[in-house]
Amino acid sequence: MTRRPLLLRLVDELLSGRGIWPAVPAIVVLVVVAVIPFGVLLSLGFSDIVVSRGVIVSQELSLRHLTTALADPLYHTTFRRSLTLALTTTFFCSLLGFPVAYLFLIGGPWVRRIILVLTIAPILTSGIVRTYAWIVILGGRGVVNATLMEFGLISQPLRIINTHWAVLIGMVQIHLPIMILPLIAVMSRHDSRLEEASANLGASRLATLRTIILPLSVPGLGTGAALVFTLSYTTFVVPQLLGGGNYLNAATMVYEQVVYSLEWSKGAVTAMILMATCLAVLLVFAWLTHIGTRWTRVAQR
Amino acid sequence: MKRIDGADLIDRLGIGFIIALAVLALALLLLPAVIVVVMSFDTRGYISFPPVGFTLDWYVKVFNQPVLVDAMWTSIKVGLYVTALCIALGVPTALACARGDFRGATALSVFVLVPHMVPGIVLGVAVLFSGALLGIGPSIWLQSVSLSVYVMAVMVRTVMARLQRLDPLLEQASANLGASRWQTFRIITLPLLLPAILAGAVFTFIEGVDNLSVTIFTHGYRDRPLPIELLAIVQNSNSPLVAAVSSVQIMLAVLALLAISLTIGLDRVNE
C-alpha cells in the first residue's frame, strides 16, 4: 500500500463529512463579526462613552442613556409609528400576497412562471431603485397626478409624496415579494388530492379555499409575516425617500444618531430597543402561527 | 346545461374577487419598474409624466459620471469579495451541517442562519461600534466582511438543500471504486453542487452590490459604493439620470434572473 501524502490525508479527514472541521472557519468569522459585535452593542447601550475621531476612548457603565430613552416622548411616538407602519404593511402584504399564491396554486405553467418572475425580479433589484419608482409615480408631476389632471379630475397636483400614504404604499409594494415566496413554497407542498377530494365531495371553490387551502398555508403566512415585519420595521430607505426626510421611524432614528449627530450611546440604545421590540413582535407572530397550525390539524382531521 | 344558482354565483364572485386581487398585486409588482424604464428615455431634464421624446443621452451620461462609475466598480468589487467569502466559508459549512454527525450539528445550522435574521442596521451598527473599539474604521473590507456574515446564510441554505437531495449512492459507488474522498468530492460531489453554489453566488453578489442597511454603517468614506451614491442622488436630483441608473439595475436583475433560471430553475429558488 502506498503512503499518501500528509496533505491528502488531511483533506480526506476534512471531507469525511462527519466532523465539525469544515465549518470552523465560518464559525470563527461569525463569532468575530456577529456575536462579539452584538455583545459590544449591548455593552455600549449600558454605558457612557467618549468617542474621538471614530474611536471609542473611554467607556463607563451607566444606565443613563437607556432610562432617558425609555422616558423620552420622541422615542414613544417614533416607535409607535414604526410599529404601526410595519404591522399595517404586514397586513396589506398578506392581503395581496395570499391571492397571488392562490393564483399560483390553481394556475397553469405559464401563470406560475409569470408569478415567479414578477416576485423574484424585485428581490434582485435594489430597494433604492424600487423606492425611486414610487417617486416617479406619486411625485408632483408623476404618473398619478398627470393622469388625474389629464382626465380633469383635479386641477392642482395632489400632494401624495412625502405623506404617510406614500410611505405605506411604497412599503407594501416593496415587501410584497417577501410575503409571496414563502406562501408559494408552502402551498406547492400541499397534497393536491386534498383539494380534489374537497371538490369531489361537493364543496365549492370558496369552501375549499376556506377549509383546506387557507388553514394549510398558515405556516407560510407566519414565515412571510415574520420576514415582512422584520424588514419593514427596520428599513429606512422607504421612510427616508417617500417620507421626505421628516418621516422619522426607528430605523431612520438609529441612522441619524449614529451617522449625523454621532451620539453613539443613544444610537446603541435605539438599536437595542429596535432589536428587542422586533423580537417581541416576532415571538407573538410565532405564537399566533403555532395556534393557527393547531387549527390546521383540526381542519385536516 | 348547468344552472347557475345563488351559491354558485357567490362562489364565482368570491373566486373572481380573489383573482382580481392577485392580478392587482402582480400589476403593482411590474408597473413601477416599467415606468422607470420608460421615463429614463425622456428628453426633458426633469421627471414629468408622460415622456415627450426619446433619447439615450441619460445612459451615456451615467457612464460619463466618474462618481457613478467609481461607485459601480466599488460595489462590483464588494459583490465579488462577498461572494468569494461566502463560497469559501459557506460551502464547507453546508457540508458540515448536512453531513455532520457531531453533537450540535442542528444547533450549528441554526447559528449560521441567525445573522441573516437580525435586522441589517443592527448588524451594521454593531460592527461599526466594535470596529471603533478596536480602532478599525469603516472601509471596503469592513463592509465586505460584515456583508458576508449577513448573507452567508443564503449560500449555506442553498447548498444544504442541494446536498440533502443528492443520492448518497453516487458517493458510495465512487468510494467502492477506490476513489479517495478528495477525488470523490472533486469528481462527484462538487460538480453536483455547482448549480446550487452558482445560484447562491448570484444572491450573495446582488446583496453585496445592493445592500444598504449594513453598507451604510460600514462602507469606506473613500470607496463610496453604489447604494450610497444612489441614495444621495435620488434625494437631491429630479433628472431622468436617476431613472437611467435604475433601469441599468433593473436590467441587471433580469440578467441575474436568467442566470438563476438556467442554473437551478426558478421554481427551486424558494427552497
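Criteria and thresholds
- Residues numbered from 1 in each chain as written.
- Chains lettered and ligands numbered in written order.
- Predicted model: local features only at pLDDT ≥ 70, side-chain atom pairs only at ≥ 80, totals over all residues.
- Helix = DSSP H or I, 4+ residues; strand = E, 2+ residues; numbered from the N terminus.
- Rg over C-alpha atoms; globule rule 2.2 N^0.38 Å.
- Buried ≥ 20, exposed ≤ 12 C-beta atoms within 10 Å, placed from the backbone.
- Contact = placed C-beta atoms within 7 Å.
- Nonpolar A, V, L, I, M, F, W, Y, C, P; charged D, E, K, R; others polar.
- Core = buried A, V, L, I, M, F, W, Y, C linked by C-beta atoms within 7 Å.
- Domains from an automatic or database assignment.
- Axes fitted to C-alpha atoms, helices over the stretch in contact; angles between N-to-C directions.
- Parallel < 35°, antiparallel > 145°, perpendicular 65-115°, else oblique.
- Left-handed = near helix turned anticlockwise from the far one by under 90°.
- pLDDT = per-residue confidence, 0-100.
- Expected span 1.5 Å × (residues − 1).
- Bend = angle between axes of the 7 residues up to and from the residue.

Here we look at the overall build of chain A
Counting its secondary structure elements, chain A contains 14 helices and two strands. Taken over the C-alpha trace, chain A has a radius of gyration of 25 Å; the compact-globule value for 301 residues is 19 Å, which it surpasses by more than 25%. Projected onto the principal axes, the alpha-carbon positions of chain A cover approximately 85 × 70 × 40 Å. The buried share of chain A, reckoned over its 301 residues, is 43%.

Quick notes on the overall build of chain B
When helices and strands are tallied, chain B shows 11 helices and zero strands. N-terminal to C-terminal, the α/β element order of chain B is α-α-α-α-α-α-α-α-α-α-α. Since a compact globule built from 271 residues should have a radius of gyration of about 18 Å, the 24 Å found for chain B marks it as more spread out than a globular shape. When burial is assessed residue by residue, chain B has 47% of its 271 residues classed as buried. Looking at chain B alone, contacts between residues at least 24 apart form 76% of all its contacts between residues at least 6 apart.

Remarks on the interface of chain A and chain B
Opposite the 83 residues of chain A that make contact, chain B presents 80 residues. When residues in the side of chain A that touches chain B are grouped by element, the largest group, 12 residues, is from helix 2 (residues 24–45) of chain A. The residue makeup of the side of chain A that touches chain B, split by class, is 61 nonpolar, 16 polar and six charged.

Structural notes on unusual backbone geometry
Residue and element names in this part refer to chain A. For Asn162, which is not glycine, the phi dihedral falls at a positive 65 degrees. Within the secondary structure, Asn162 is located in the loop between helix 7 (143–150) and helix 8 (164–187). A positive phi angle, near 55 degrees, is found at Leu262, a position not held by glycine. Accessibility expressed as a C-beta count within 10 Å gives 12 for Leu262, which makes it exposed.

Overview of the nonpolar core
Among the nonpolar cores identified, the biggest contains 161 residues, and Val136 of chain A together with Val125 of chain B are the most heavily contacted of them. Of the domains in this structure, domain 1 (6–45) and domain 2 (64–300) of chain A are the two that each give at least three residues to this core. With near-sequence residues (within four places) excluded, Val125 of chain B lies in contact with Leu41, Val254, Val258, Gly267 and Ala271 of chain A together with Phe217 of chain B.

Here we look at the packing of helix 4 (residues 73–106) of chain A against helix 11 (residues 218–233) of chain A
Residues and elements named next belong to chain A. Relative orientation of the contacting elements helix 4 and helix 11 amounts to 140 degrees, with a least axis distance of 9 Å. The angle between helix 4 and helix 11 falls in the class oblique. Classified by chirality, the crossing of helix 11 by helix 4 is right-handed. Each of Ser82, Leu85, Ala86, Thr89, Thr90, Cys93, Ser94 and Gly97 in helix 4 lies in contact with helix 11, whose residues at this interface are Leu221, Gly224, Ala225, Val228, Phe229, Ser232 and Tyr233.

What about the domain arrangement of chain A?
Residue and element names in this part refer to chain A. Under the domain assignment used here, chain A contains domain 1 (6–45) and domain 2 (64–300). Taken over C-alpha atoms, the centre of domain 1 sits 34 Å from the centre of domain 2. Listed per partner, the contact involves four residues of domain 1 and eight residues of domain 2. Split by residue class, the side of domain 1 that touches domain 2 holds three nonpolar, one polar and no charged.

Brief notes about the confidence of the model for chain B
Averaged over all residues, the pLDDT of chain B is 87; the fraction at 70 or higher stands at 96%. Overall fold confidence (pTM) sits at 0.88, and the ipTM for the predicted complex is 0.86.

Details of helix 3 (residues 66–99) of chain B
Compared with an ideal rise of 1.5 Å per residue, which puts 34 residues at 50 Å, helix 3 of chain B spans 48 Å between its outermost C-alpha atoms and is within 8% of the ideal. Along its length, helix 3 of chain B reaches its greatest deviation from straightness, about 30 degrees, at Ile87 of chain B.

Concerning the confidence of the model for chain A
The predicted model of chain A has a mean per-residue pLDDT of 85, with 92% of residues at 70 or higher. For chain A, the element scoring lowest by mean pLDDT is helix 1 (residues 6–15) of chain A, at 70; helix 4 of chain A scores highest, at 94.

Remarks on the environment of Leu242 of chain A
With respect to the helices, strands and loops of the structure, Leu242 of chain A is situated in helix 12 (residues 237–242). Judged by the 27 C-beta atoms lying within 10 Å of it, Leu242 of chain A falls in the buried class.

Some words on helix 11 of chain A
For helix 11 of chain A, built from 16 residues, the straight-helix expectation of 22 Å at 1.5 Å per residue is met to within 8% by its first-to-last C-alpha distance of 22 Å. Where burial is concerned, most of helix 11 of chain A is hidden: 14 out of the 16 residues are buried.

Quick look at the environment of Thr131 of chain A
Residues and elements named next belong to chain A. In this fold, Thr131 is placed in helix 6 (residues 127–138). By C-beta crowding, Thr131 is classed as buried, having 27 other C-beta atoms within 10 Å. Distance in space between the C-alpha atoms of Thr131 and Ser265 is 31 Å, their sequence separation being 134 residues. With residues near it in sequence (within four places) discarded, Thr131 still touches Gly170, Ile174, Val237, Val238, Leu241 and Leu242.

Points about the packing of helix 6 of chain A against helix 11 (residues 240–263) of chain B
Relative to each other, helix 6 of chain A and helix 11 of chain B sit at 135 degrees, their axes nearing to 10 Å. Classified by the interaxial angle, the pair formed by helix 6 of chain A and helix 11 of chain B is oblique. Between helix 6 of chain A and helix 11 of chain B lies a crossing whose hand is left-handed. Facing Val129, Tyr132 and Val136 of chain A of helix 6 of chain A, the residues of helix 11 of chain B in contact are Val242, Ala243, Ser246, Gln249 and Ile250 of chain B.

Regarding the environment of Ala98 of chain B
Residue and element names in this part refer to chain B. Structurally, Ala98 is set in helix 3. For the pair Ala98 and Ser261, spaced 163 residues apart in sequence, the C-alpha separation works out to 25 Å. Beyond its immediate stretch of four places on either side in the chain, Ala98 contacts Met160, Leu163 and Gln164.

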